[in-house]
Amino acid sequence: MQFYSRGCIRHCPFCLVHDKEGAIHPVEPMAWNPRAEWIEVLDNNFFANPEWRWAIEDLKAQRLPVKFHGVDIRIMDEEQAVALNSIRMKGYIHIAWDLPQIDLTERLQAMTKYIRPQKIACYVLVGFNSTREQDLHRLRTLKRLGILPFVQPYRDYQNQRQPSQYELDIARWANRAWLFKTMDFLDYEPRKGFRCSAYMDEYKPPVSQKN
Ligand code: SF4
């Protein structure tokens, strides 16, 4: 495991990183484990670190596959995408589309010019200020681009909130690649006699969220 930075440039309303670790700041990397078979990079926001270029070179010098977690697609530019693609990956590159109010479609399209979509996995937060239409828009966009999602129902800081049945069903559908790829959520039948299109029939977005 390795960190090149702590903190974050953002202050997302559902995340405690900025409160706990402050603004983004580079940190001295830890000593390498000589028996390591791969590297897990745990920075919250790797490319927001002003020293990310040095970090990329340091990772390359280890000659091990790398698993990235905190890749912020909202700031990703061509140089960063090319740098990311130059690293030997272990597993997926993890990005996130948590806030539906920000449309990441163009950013995702730009990223997939340099990095194969099969190498990307995208966290999608549901149950936190998003409508069901917005959840479907994000998931259908990812599907169109060939990117696998990982839906996470919102948990509060005390971990007392229980996800709704809708959130559990959309996570169950989206997080199983074969289900996600072969059918739309509205056609998914998680229980006998129940089709998920019923969620859209019953759902009326709050007035403030209507177009
Ligand atoms: S970008 Fe990620 S780490 Fe940073 S505040 Fe938002 S959720 Fe937390």
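A. The arrangement of the overall build of the protein in detail. Broken down by element type, the protein carries 8 helices and 7 strands. Relative to its length of 211 residues, the protein is compact, with a C-alpha radius of gyration of 19 Å against a globular reference of 17 Å. Seen along its three principal axes, the alpha-carbon backbone of the protein occupies a region of about 55 × 35 × 35 Å. When each of the 211 residues of the protein is scored for burial, the buried share is 44%. Sequence-distant contacts, at least 24 apart, represent 67% of the contacts inside the protein between residues at least 6 apart. Counting every atom, the protein has about 11,800 Å² of accessible surface; 51% of that belongs to carbon and sulfur. Here the protein contributes 30 positive and 26 negative side-chain charges, whose respective centroids are spaced 6 Å apart.

B. Looking closely at the site of the ligand. Every residue lining the ligand is accounted for by Cys8, Arg10, Cys12, Phe14, Cys15, Val17 and Asn44. Residues that form the shell around the ligand fall into these classes: 5 nonpolar, 1 polar and 1 charged.

C. Representation of the packing of aromatic side chains. Scanning all chains against the criterion turns up 14 aromatic pairs. A ring pair is formed by Phe46 and Phe68, whose centres lie 5.0 Å apart and whose planes are at 80 degrees; its orientation type is edge-to-face. One end of the pair, Phe46, is in the loop between β3 (39-41) and α2 (52-62); the other, Phe68, is in strand β4 (residues 66-68), with 22 residues separating them in the sequence. For Phe46, a relative accessible area of 1% translates into the label buried. Ring plane angle 5 degrees and centroid distance 6.2 Å describe the contact between Phe185 and Tyr199, whose orientation is recorded as stacked. Of the two residues, Phe185 sits in the loop between α7 (177-182) and α8 (197-202) while Tyr199 sits in helix α8, which places them 14 residues apart along the sequence. Each member of the pair, Phe185 together with Tyr199, is buried. By way of ring pairs, the aromatic residues Tyr4, Phe46, Phe47, Trp52, Trp54 and Phe68 are connected into one cluster. The ring of Phe180 has Lys143 sitting right over it, with the charged end atom 5.3 Å from the ring centre.

D. Spotlight on the nonpolar core. One finds Phe46, Phe68 and Leu84 to be the most contacted residues of the largest nonpolar core, which totals 49 residues. The element that contributes the greatest number of residues to this core is helix α6 (residues 165-174), accounting for 5 residues. Beyond its immediate stretch of four places on either side in the chain, Phe46 contacts Tyr4, Val41, Trp52, Ala55, Ile56, Leu59, Phe68 and Gly70. Counting residues in each nonpolar core, the second largest holds 6 residues, with Cys12, Phe14, Leu125 and Tyr154 among its members.

Calculation notes
Residue numbers restart at each chain and count upward from 1, following the sequence in its written direction. Per-residue local features of the predicted model are confined to residues with pLDDT of at least 70, and side-chain atom pairs are confined, for both listing and counting, to 80 or more; whole-chain, interface and lining totals are unaffected and use all residues. Calculation of side-chain values draws on the structure's entire complement of heavy atoms; hydrogens and water are dropped beforehand. For the purposes of this entry, the term helix denotes a DSSP run of H or I that reaches at least four residues, the term strand denotes a run of E that reaches at least two, and both are numbered from the N terminus. Each radius of gyration reported is based on C-alpha atoms, and the globular scaling rule is 2.2 Å times the count of residues to the power 0.38. When a residue's accessible area, from a 1.4 Å probe over protein chains only, is under 20% of the maximum for its type it is buried; when over 50% it is exposed; and in between it is partly exposed. The contact definition used throughout considers only heavy atoms, calling two residues in contact when any of these lie within 4.5 Å. Computed with the Shrake-Rupley method and a 1.4 Å probe, the accessible areas treat only the protein chains shown as cover for residues. Counted as positive: Lys and Arg. Counted as negative: Asp and Glu. His and the chain ends are not counted at all. Just so you know, the charge point we use is NZ for Lys, CZ for Arg, CG for Asp and CD for Glu. Here, proximity means that at least one heavy atom of the residue falls within 4 Å of the molecule or strand. In this classification, Asp, Glu, Lys and Arg are treated as charged, Ala, Val, Leu, Ile, Met, Phe, Trp, Tyr, Cys and Pro as nonpolar, and every other residue, Gly included, as polar. By convention, a stacked pair of Phe, Tyr or Trp rings (six-membered ring in the case of Trp) has centres within 6.5 Å and planes under 30 degrees apart, an edge-to-face pair has planes over 60 apart, and any other such pair is tilted. Here, over-ring charges are defined by two tests on the NZ atom of lysine or the CZ atom of arginine: distance to the ring centre within 6 Å, and angle to the ring normal within 35 degrees. Remark: nonpolar core denotes a set of buried residues (Ala, Val, Leu, Ile, Met, Phe, Trp, Tyr, Cys) joined through side-chain atoms within 4.5 Å.

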